[in-house]
Amino acid sequence: TLIGATTENPSFEIIRPLLSRCQLYVLKSLERADLEQLLQKATTSDSVLSERNIEIKESGAMIRYSGGDARKLLNILEVTVNSFAQDEPVVITDALVESRLQQNPLAYDKDGEMHYDIISAFIKSIRGSDPDAALYWMARMIEGGEDPQFIARRLVISAAEDIGLANPNALLLANAAFDAVMKIGWPEGRIPLAEAAVYLATSPKSNSAYNGINSALELVRRSGNQPVPLHLRNAPTELMADLHYGDGYKYPHDFPGNFTPQQYMPK
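Residues numbered from 1 in each chain as written. Predicted model: local features only at pLDDT ≥ 70, side-chain atom pairs only at ≥ 80, totals over all residues. Heavy atoms only, no water.

A. Geometry of the environment of Phe150. Tracing the backbone through its elements, the reader meets Phe150 in helix H8 (residues 148-163). Between the alpha carbons of Phe150 and Phe178 there is a distance of 9.6 Å; along the sequence they are 28 residues apart. Excluding residues within four positions of it along the chain, Phe150 makes contact with His115 and Ile119. (Helix = DSSP H or I, 4+ residues; strand = E, 2+ residues; numbered from the N terminus. Contact = heavy atoms within 4.5 Å.)

B. Structural detail: the packing of aromatic side chains. One pass over the full model with this rule turns up one aromatic pair. Their ring planes at 75 degrees and their centres at 4.8 Å tell us that Tyr136 and Trp137 sit as a pair that is edge-to-face. Note on Tyr136: relative accessible area 43%, which makes it partly exposed. (Phe/Tyr/Trp six-rings, centres within 6.5 Å; stacked < 30°, edge-to-face > 60°. Buried < 20%, exposed > 50% of the residue type's maximum accessible area, 1.4 Å probe, protein only.)

C. Seen up close, the environment of Gly246. With respect to the helices and strands, the residue Gly246 is situated in the segment after helix H12 (238-242). C-alpha separation for the pair Gly246 and Leu230, spaced 16 residues apart in sequence, amounts to 5.8 Å.

D. Here's a closer look at helix H7 (residues 131-143). For H7, spanning 13 residues, the distance from its first C-alpha to its last is 18 Å, which sits close to the expected 18 Å at 1.5 Å a residue. Here H7 starts with a cap whose side-chain oxygen sits 3.2 Å from the backbone nitrogen of Asp132, and that cap is Asp130. Within two residues after H7, Gly145 carries a phi angle of roughly 85 degrees, on the positive side. (Expected span 1.5 Å × (residues − 1). Polar contact = N/O pair within 3.5 Å; in protein donor to acceptor, adjacent residues only side chain to side chain.)

Keep in mind that these numbers describe shape and distance, not what the molecule does.
Below, the structure written as structure tokens:
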């Protein structure tokens, strides 16, 4: 019931009385010692694995790829063991684990919290003008199997939101990177994405457009549907002309510097 409920969601009011009686737990990644103990217990106590002749010479790759998740660790162990014949001794090394894994099970759940944490770190690294960190978090997403279109979309958003009018070319380059990824795909697509990430991170920053549209939206919601001033309206029909649509409009190009003061906002 709690999942997806926010203070802006009407369902939040339904669960509000329950929150004071809820016990909340934060789940953290397991430490290396815990994971080592889990491997030892699995190979000696599991009804299936304990029947196999298993020697874990190196556990670094399994632990690294598990990302502190016990379920992933046991899945990796099972995949590795099952790659041997039933009567064959199982000797596990880091190189063996890496070669047996058909896809990289890094601690990156595209539908989970890690997904949002890493993309948040990626965008904030760009916003904070740290290209090294931006490339690191991008590499984490790439190695985790993230959709390249998702990364490219976030770059386009960052170019408009964080770089903005301080360097309008950033949006052009981010869009070009998006197009390039769509045309060439993986693995080469990582190169234009990296180029765009470094360019954005090292660009000057301005969020004036972002703040401007947010303030305008707030004003519209607060003031409602105000009428367009008559002099700014078109008059394509005789009736509209009779109602003085367009009367008094000053065409800026008829004035020095292509500018003349006039009212553009509602009163």
